[in-house]
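The chain contents come next:
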Amino acid sequence: MTNADARAPRTVVPIESSLLIAEAFDQAQVTELRHSVTSCAHAAGLGGQRLDDFVLAVNELITNAVRHGGGQGSLRLWRRAGEVVCEVADHGGGISARRLDDHSRPAPDTAGGWGLWLARELSDRMEVQTGEAGTTVRISAAVASPEHAGRRPTE
């Protein structure tokens, strides 16, 4: 696949995964989609602060897709062994390598630039594929076993 294939699917979810949400969105659906992600991620095993962090990270990604990725995007959320995974894709112009390589926290008085940093900080893993045809960001959060509920997994 090349970056010129703008509408081609960018990710294949393994068959054993349990797809929870697959939706296209624009600004009008952001709030409703965030509530759906909250419900589904909770049902899949995230709770407490882990759930709040994951939902905030997803919200940052969908907001970025609307603001910087052409005004719309698509979201897929699924559960696989031991984790909840969310993928947000858009068809914007991509993210610069400089921006992707910068993992430093934005200055406190910075009005923008927090989205990717927050998503990276609030999830266990983040992967980004980007180019002129758009960006796909995938984040995941480990679902704690019952005896470790409430603790963040060690990396």
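Above this text is the structure in question.
What you are looking at is a predicted structure, and each value in this text was computed from that prediction instead of being measured.

Conventions adopted
- Residues numbered from 1 in each chain as written.
- Predicted model: local features only at pLDDT ≥ 70, side-chain atom pairs only at ≥ 80, totals over all residues.
- Heavy atoms only, no water.
- Axes fitted to C-alpha atoms, helices over the stretch in contact; angles between N-to-C directions.
- Helix = DSSP H or I, 4+ residues; strand = E, 2+ residues; numbered from the N terminus.
- Parallel < 35°, antiparallel > 145°, perpendicular 65-115°, else oblique.
- Left-handed = near helix turned anticlockwise from the far one by under 90°.
- Contact = heavy atoms within 4.5 Å.
- Expected span 1.5 Å × (residues − 1).
- Buried < 20%, exposed > 50% of the residue type's maximum accessible area, 1.4 Å probe, protein only.
- Arc of directions from axis to C-beta.
- Salt bridge = Lys/Arg side-chain N within 4 Å of Asp/Glu carboxyl O.
- Core = buried A, V, L, I, M, F, W, Y, C linked by side-chain atoms within 4.5 Å.
- Pairing = 2+ DSSP bridges.

## Thoughts on the packing of helix 1 (residues 30-43) against helix 2 (residues 48-68)
Two numbers describe how helix 1 lies on helix 2: the axes approach to 10 Å, and their chain directions differ by 150 degrees. Taken together, the axes of helix 1 and helix 2 lie roughly antiparallel to each other. Here the hand of the crossing between helix 1 and helix 2 comes out right-handed. When helix 1 is examined against helix 2, the residues V30, L33, R34, V37, T38, A41 and H42 are found in contact with a partner set consisting of L51, F54, V55, V58, N59, I62, T63 and V66.

## What to know about helix 1
With 14 residues, helix 1 ought to run about 20 Å at 1.5 Å a step, and its terminal C-alpha atoms sit 20 Å apart, in line with that. All buried positions along helix 1 are accounted for by V30, L33, V37 and A41. Considered in projection along helix 1, the buried side chains sweep an arc of 65 degrees and stay on one side of the axis. Helix 1 presents E32 and A43 as exposed residues on the side facing more than 90 degrees away from its buried surface. Structurally, helix 1 contributes buried residues whose contacts are with strand 1 (18-26), helix 2, strand 2 (72-80) and strand 3 (83-90).

## Observations concerning the pattern of salt bridges
Tallying each qualifying case throughout the model produces six salt bridges. The partner of E87 in a salt bridge is R138, with the nearest N and O atoms 3.0 Å apart. Taken together, the residues span a long stretch of sequence, with E87 in strand 3 and R138 in strand 5 (residues 134-142) at a distance of 51 residues. On the basis of relative accessibility, which here comes to 7%, the residue E87 falls in the buried class.

## Focus on the nonpolar core
Formed by 34 residues in total, the largest nonpolar core has its most connected members in F54, L75 and I139. Mapped by element, the contributors of at least two residues to this core are strand 1, helix 1, helix 2, strand 2, strand 3, helix 4 (115-122) and strand 5. In terms of residue count, the dominant contributor to this core is helix 2 (nine residues). Setting aside residues no more than four positions away along its own chain, I139 makes contact with F54, A57, V58, L61, V84, V85, C86, A119, S123, R125 and M126.

## Details of helix 2
Over its 21 residues, helix 2 extends 30 Å from the first C-alpha to the last, a length consistent with the 30 Å expected when each residue adds 1.5 Å. Of the residues trailing helix 2, G70 is marked for its positive phi of about 95 degrees.

## Brief notes about the sheet that holds strand 5
Strand order in the open sheet made by the five strands is 1-2-3-5-4, with antiparallel pairing throughout. Edge positions in the open sheet fall to strand 1 and strand 4 (125-131), since each of these has one partner strand only. When the angles between neighbouring strand axes are averaged without regard to direction, this sheet yields 10 degrees. Pairing between strand 2 and strand 3: seven bridges, direction antiparallel. Bridge pairing in strand 3 places R76 opposite E87. Sitting on the sheet, helix 1 touches strand 1, strand 2 and strand 3, and the angle it makes with strand 1 is about 170 degrees.

## Digging into the environment of S96
Secondary-structure assignment places S96 in the loop between strand 3 and helix 3 (97-101). As for S96 and E132, which are separated by 36 residues in sequence, their C-alpha atoms are 9.9 Å apart.

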